[in-house]
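Descriptive analysis of the structure
One letter stands for each residue in the lines below.
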Amino acid sequence: MTNAQTIFNAVGAEAVLTEQPDLRRYLTGLETSFGYVLSDKNGNTFYTDTRYLEGATAALKGTDIAVKKFEAPLENLLKGYKEVAVPLSRTTYPMYKRLEDANLKVVDSEKAFENAMIKKQPYELDFICKACEITDKSFGTLLTRIKEGMSENEVAAELEYLLRKNGASGTSFATIVAFGENSSVPHHETGVRKLKFGDIVLIDFGCKVGGYCSDCTRTFLFGDDKKHEEFKKAYAHVLKAHMLVKEKVTDGTTGSEADAIARGYLKEHGLDKYFTHSLGHGIGVNIHESPMLSPKSQSILKDGMVFSDEPGVYFEGDFGIRIEDTVTLSGGKVISLTDSNKNLTVL
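The structure contained in this document is the topic of the report that follows. (Residues numbered from 1 in each chain as written. Predicted model: local features only at pLDDT ≥ 70, side-chain atom pairs only at ≥ 80, totals over all residues. Heavy atoms only, no water.)

Concerning the overall build of the chain
Along its length, the chain carries 9 helices and 19 strands. Its C-alpha atoms give the chain a radius of gyration of 22 Å, near enough to 20 Å, the size a compact globule of 347 residues would have. Considered along the principal axes of its C-alpha atoms, the chain spans approximately 75 × 40 × 35 Å. Sorting the 347 residues of the chain into buried and exposed places 54% on the buried side. Long-range pairs, those at least 24 residues apart, make up 61% of the contacts in the chain with a sequence separation of at least 6. Of the accessible surface of the chain, which amounts to about 15500 Å², a share of 52% is contributed by carbon and sulfur atoms. Side chains of the chain carry 42 positive and 49 negative charges; the gap between the two charge centres is 2 Å. (Helix = DSSP H or I, 4+ residues; strand = E, 2+ residues; numbered from the N terminus. Rg over C-alpha atoms; globule rule 2.2 N^0.38 Å. Buried < 20%, exposed > 50% of the residue type's maximum accessible area, 1.4 Å probe, protein only. Contact = heavy atoms within 4.5 Å. Areas by Shrake-Rupley, 256 points an atom, 1.4 Å probe, with all protein chains shown as cover. Lys, Arg positive; Asp, Glu negative; His and termini not counted. Charge placed at Lys NZ, Arg CZ, Asp CG, Glu CD.)

Here is the structure:
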């Protein structure tokens, strides 16, 4: 049974209509820029245009998803229904209005997607593990290629080349490379700053395999100019917070409890006020999805979930540190899927 049928059964509506690219990917396994998946009691159909018909037909052969050419307008697909489910928070008002104007009762499919996607199936975990293997391998090679005078953009380009060379289909998100003072901005926009001896380097990156993401951050020194004692002390504390999460999170821990493990340790050392984001987030088809690991999260972490463990501290205008792995829960324990060296590296 495909994910499309699973979602239809869970929603319980007369029909389920899905157009969002990430959710469409989850249902069909295909990366497409256009199309609709329509599910009802008679089955599931992927409607798309001529750009994808041949590929989709071949890819979905033997599954319970038929492939047909889309013929506008959308309302033609929905004739005969009185009720249709869509992910409401992801649906634009014009689309919602079209459905209403077609005299359809509109219900929400979003919770069914969240419940299904939050726990990874074996094939999904396989894709994520492969993405994480490529992430580790590519980063290891990158460290041998970083040279003084390279720009942030050049380092990002080299890393993205390595990710694709090693088998990734692309990046999970825009690669972040931050040198020196730029590392104090958690989501710095990679730019033209050139690397100098003694610089702190923060790299946040990930790749996709089979449509599934990895996410990893490493912080290190490009040469030791003996001017980074405070950085080294803070790094040791961030690493300890990161490892404590892996040691203490179990099946049944809430997202807020997991966040508190790292945040509480950093508070003991006067660093909690510099930890300005949440501990982590779910990872799958999307780089950010459920569960959330944050101070207010009531998500319950369960075996089969994949999420990030990424404590960080940021000193405005000076430096930042983040250490992040993609992890999963298995047998009630945290298993790290990205696992390149996290001890402080000095190139």
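That covers the picture; the talk isn't over yet.
Description of the packing of aromatic side chains
As enumerated under the stated definition, the model contains 12 aromatic pairs in all. Ring plane angle 90° and centroid distance 6.3 Å describe the contact between Tyr123 and Phe127, whose orientation is recorded as edge-to-face. Residue Tyr123 and its partner Phe127 are both found in helix α6 (residues 122-143); the two are separated by 4 residues, about one turn of the helix. Ring centres of Tyr123 and Tyr212 lie 6.4 Å apart, and the angle between their planes is 85°; this geometry places the pair in the edge-to-face category. In this pair, Tyr123 sits in helix α6 while Tyr212 sits in strand β11 (residues 212-213), placing the two residues 89 residues apart along the sequence. Residue class for Tyr123 comes out partly exposed when judged on its relative accessible area of 34%. (Phe/Tyr/Trp six-rings, centres within 6.5 Å; stacked < 30°, edge-to-face > 60°.)

With respect to the pattern of salt bridges
Within this structure, the stated rule accounts for 22 salt bridges. Note that Glu31 is salt-bridged to Arg25, the shortest N-O span being 2.7 Å. In this structure Glu31 comes out as exposed when scored by relative accessible area, which is 56%. Look at Arg25 and you get buried, because its relative accessible area is 12%. We note a salt bridge from Asp224 to Lys232, for which the minimum N-O separation is 2.7 Å. Judged by relative accessible area, Lys232 falls into the partly exposed class, the value being 23%. Sharing partners across several salt bridges, the network here consists of Arg218, Lys246, Asp325, Asp339 and Lys342. (Salt bridge = Lys/Arg side-chain N within 4 Å of Asp/Glu carboxyl O.)

A short note on helix α9 (residues 255-268)
Side chains that are three or four residues apart share a direction in an α-helix, a result of its 3.6 residues per turn. A rise of 1.5 Å per residue sets the reference length of α9, with its 14 residues, at 20 Å; its end C-alpha atoms lie 20 Å apart and thus fit the reference within 8%. In the structure, α9 departs most strongly from a straight axis at Ile261, where the bend amounts to approximately 25°. When α9 is considered as a whole, its buried residues turn out to be Gly255, Ser256, Ala258, Asp259, Ile261, Ala262, Arg263, Tyr265 and Leu266. Next to the buried residues of α9 lie α8 (229-248), β14 (289-293) and β16 (312-315). Of the residues trailing α9, Gly270 is marked for its positive phi of about 70°. (Expected span 1.5 Å × (residues − 1). Bend = angle between axes of the 7 residues up to and from the residue.)

Here we look at the environment of Tyr161
Checked against the element boundaries, Tyr161 lands in helix α7 (residues 152-165). Among the residues examined, Tyr161 registers a relative accessible area of 45% and is labelled partly exposed. Sequence-wise, Tyr161 and Thr32 are 129 residues apart; in three dimensions their C-alpha atoms are separated by 23 Å.

Thoughts on the sheet that holds strand β10 (residues 207-209)
To summarise the sheet geometry, strands pair through backbone hydrogen bonds and adopt either a parallel or an antiparallel arrangement. The strand order across the open sheet formed by 3 strands is β7-β10-β11, and the pairing between neighbours is antiparallel. For this open sheet the edge positions go to β7 (170-171) and β11, each flanked by a neighbour on one side alone. In this sheet, β10 lies alongside β7 in antiparallel orientation, the contact comprising 2 bridges. Across the sheet, the residue bridging to Thr171 is Cys207, located in β10. (Pairing = 2+ DSSP bridges.)

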